[in-house]
Amino acid sequence: MTDSRTLYVDVTAATMVAGQVPYGLIPKAAIAVEGERIVWVGPEADLPQSFHDAPRQSFGGRLVTPGLIDCHTHVVHGGDRAAEFEMRLEGASYEEVARAGGGIVSTVKATRAADEAALLASALPRVDALLAEGICTLEIKSGYGLDSETELRMLRAARRIAQDRPVRVRTTFLGAHAVPAEYGGRADAYIDEVCIPALRAAHDEGLVDAVDAFCEEIAFSPEQVGRVFDAARELGLPVKIHAEQLSDLGGAIMAARHGALSADHIEYLDKAGVAALAEAGTVTVILPGAFYTIRETQAPPIEGLRAAGVPMAVATDCNPGSSPMTSLLLAMNMACTLFRMTPEEALAGTTRNAAAALGLTDCGTIEAGMRADLAIWDIAQPAELSYRIGFNPLHARIFAGKAPAC
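Conventions adopted
- Residues numbered from 1 in each chain as written.
- Predicted model: local features only at pLDDT ≥ 70, side-chain atom pairs only at ≥ 80, totals over all residues.
- Heavy atoms only, no water.
- Helix = DSSP H or I, 4+ residues; strand = E, 2+ residues; numbered from the N terminus.
- Rg over C-alpha atoms; globule rule 2.2 N^0.38 Å.
- Buried < 20%, exposed > 50% of the residue type's maximum accessible area, 1.4 Å probe, protein only.
- Pairing = 2+ DSSP bridges.
- Axes fitted to C-alpha atoms, helices over the stretch in contact; angles between N-to-C directions.
- UniProt positions renumbered as here; feature names shortened; annotations may be inferred.
- Contact = heavy atoms within 4.5 Å.
- Core = buried A, V, L, I, M, F, W, Y, C linked by side-chain atoms within 4.5 Å.
- Disulfide = S-S within 2.5 Å.
- Phe/Tyr/Trp six-rings, centres within 6.5 Å; stacked < 30°, edge-to-face > 60°.

Enquirer: What should I look at first to understand the overall build of the protein chain in this one?
Expert: When helices and strands are tallied, the protein chain shows 15 helices and 14 strands. Its C-alpha atoms give the protein chain a radius of gyration of 21 Å, near enough to 22 Å, the size a compact globule of 406 residues would have. Taken along the three principal axes of its C-alpha coordinates, the protein chain extends 70 × 45 × 40 Å. Expressed as a percentage of its 406 residues, the buried residues of the protein chain come to 58%.

Quick look at the structure:
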């Protein structure tokens, strides 16, 4: 009989378990895995007798962290927006580009024209870049269809990624991403006639893990988003929100009242918003790639979030317009450099807090009972993951107890 156990030895384990020593660090550690789960972790000297005969793999003193989690992406889409990149460099703001017919709506045309196979084929290289940096769990949003047929096609393509690649995919319905051209000036009608019916259809097909919405003057009001969230609650689906990225409409406070898993972007979040998220236990998702790309000057209130005990996740926001980034390590560096998050906060933001932002309780830390999703790094200390720029020190990635080629 094949032994389903594996013992990883000669490692430094950054367990990322909250409330322990910095990074939950265990020097000279061993990690015992059985099947897809971690069954024991601790100093190798304390290894229980029952694991002494388990097959061993030594990692030569390397650092091991939980497999990374990118909890906010738009990797499934058609086309690109390189032309808008040039427009912004010539002085146009993100909002001006959107109001001129660019932005999210410009990607809709290309996405609607792509079939499921084309959407999958274009997404896989972006996914591969993320996996090469130790990502084991990936959130993928719809939102570039803005009609029922294309929204569902995007979600189907996202689900297929988990069949074609060794990665866990969580899908998020983002039908309330923008008002399509055919509904110009009729956002309420779009919500009632397209968005909510598409959400119900996607749920019926088993394609949705969570529901998101873009709450901004160029997108949807808190009242309109609230109607989408009410429909999500009827379907038993958790909610998330893009809020306070360009202004403060109170979207995060509204989302907190709905028990949102996360409020994302939140550059313009005020003190009342911070307090509401803290009370609701909602995670904030910090997205420095978008801040950098649109040349925003209002930084998210990191000190206020920290003081209030609001968990902070970090993600790439990989998308064709405001964050064409496929490096979670770069997002971690940016979170530290641009926003003064600590390297430990950045790593927590891509492990345990990212898991919380997706409503997951079986990943994000290295401890007994968790999935055996691990990243092994050619570095000596965890801070190096945020310190270096343009350098990937991944040695190996273990997904659900298996170690595919990097």
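Enquirer: Help me understand the sheet that holds strand β4 (residues 56-66), please; the structure alone is not making it clear to me.
Expert: Here 6 strands make up an open sheet; going across it, the order is β3-β2-β1-β4-β13-β14 and the pairing mixed. In this open sheet, the two strands that pair with only one neighbour each are β3 (37-43) and β14 (394-398). On average, each strand axis in the sheet is tilted by 40° relative to the strand beside it, whichever way the strands run. Inspection of the sheet shows β4 paired to strand β13 (residues 374-377) by 4 bridges, in the antiparallel sense. Directly across from Thr65, in β13, lies its bridge partner Ala375.

Enquirer: For this particular structure, what's the right way to read the UniProt feature "binding site: 4-imidazolone-5-propanoate" (unreviewed entry) in the protein chain?
Expert: Within this structure's numbering, the places UniProt gives as "binding site: 4-imidazolone-5-propanoate" (unreviewed entry) are Arg81, Tyr144, His177, Gln245 and Ser322. Note on placement: Tyr144 falls in the loop between β6 (135-141) and α5 (148-164). Within the secondary structure, Gln245 sits in the loop between β9 (240-243) and α8 (251-257). Here Gln245 falls in the buried class, since its relative accessible area comes to 3%. Filtering out sequence-adjacent residues up to four positions away, Gln245 remains in contact with Phe214, Glu216, His265, Ile266, Glu267, Tyr268, Ala290, Ile294 and Glu296.

Enquirer: Can you walk me through the UniProt feature "binding site: N-formimidoyl-L-glutamate" (unreviewed entry) in the protein chain in this structure?
Expert: Under the UniProt annotation, the feature "binding site: N-formimidoyl-L-glutamate" (unreviewed entry) is placed at Tyr144, Asn319 and Gly321. For this annotated set, covering 178 residues, all C-alpha atoms fall within 11.5 Å of each other, a compact arrangement in space. For Tyr144, a relative accessible area of 2% puts it in the buried group. Looking at the element boundaries, Asn319 is found in the loop between β12 (312-314) and α12 (328-339). With a relative accessible area of 5%, Asn319 lands in the buried category. Those residues in contact with Asn319 that lie beyond four places of it in its chain are His74, Tyr144 and Pro324.

Enquirer: In this structure, what is going on with the pairing of β13? I would like to understand it.
Expert: Along a regular strand, successive side chains alternate from one face of the sheet to the other. The two faces of β13 match: Leu374 and Ile376 on one face and Ala375 and Trp377 on the other face are all buried. With 4 bridges connecting them, β13 and β14 associate as antiparallel partners. Bridge pairing in β14 links Ala375 to Arg397.

Enquirer: Sorry, what's going on with the nonpolar core here?
Expert: Note on soluble globular proteins: their nonpolar side chains tend to be buried together. By size, the foremost hydrophobic cluster in this structure holds 102 residues, and its most contacted members are Val76 and Ile161. Those residues in contact with Ile161, other than ones at most four positions away along the chain, are Val76, Leu120, Ala123, Leu124, Val127, Ile140, Val167 and Val169. Residues Tyr8, Ile31, Ile38 and Ile398 belong to the second largest nonpolar core, which totals 17 residues.

Enquirer: Sorry if this is basic, but what is going on with the state of the cysteines here?
Expert: Taken as a whole, this structure holds 0 disulfides when the rule is applied. Here Cys336 stays free of any disulfide, with the sulfur of Cys71 as its closest cysteine sulfur at 15 Å. Unpaired in this structure, Cys363 has its nearest cysteine sulfur neighbour in Cys136, at a distance of 9.1 Å.

Enquirer: I keep staring at the packing of aromatic side chains and nothing clicks. Help me out?
Expert: One pair of aromatic rings is described through two measures. These are the centre distance and the angle between the planes. Counted under the stated rule, the structure contains 4 aromatic pairs. With a centroid separation of 5.5 Å and 25° between ring planes, the pair formed by Tyr8 and Phe59 is classed as stacked. One end of the pair, Tyr8, is in strand β1 (residues 5-14); the other, Phe59, is in strand β4, and 51 residues separate them in sequence. For Phe59, a relative accessible area of 5% puts it in the buried group. Ring geometry for Phe291 against Phe339: centres 4.9 Å apart, planes inclined by 80°, an arrangement best described as edge-to-face.

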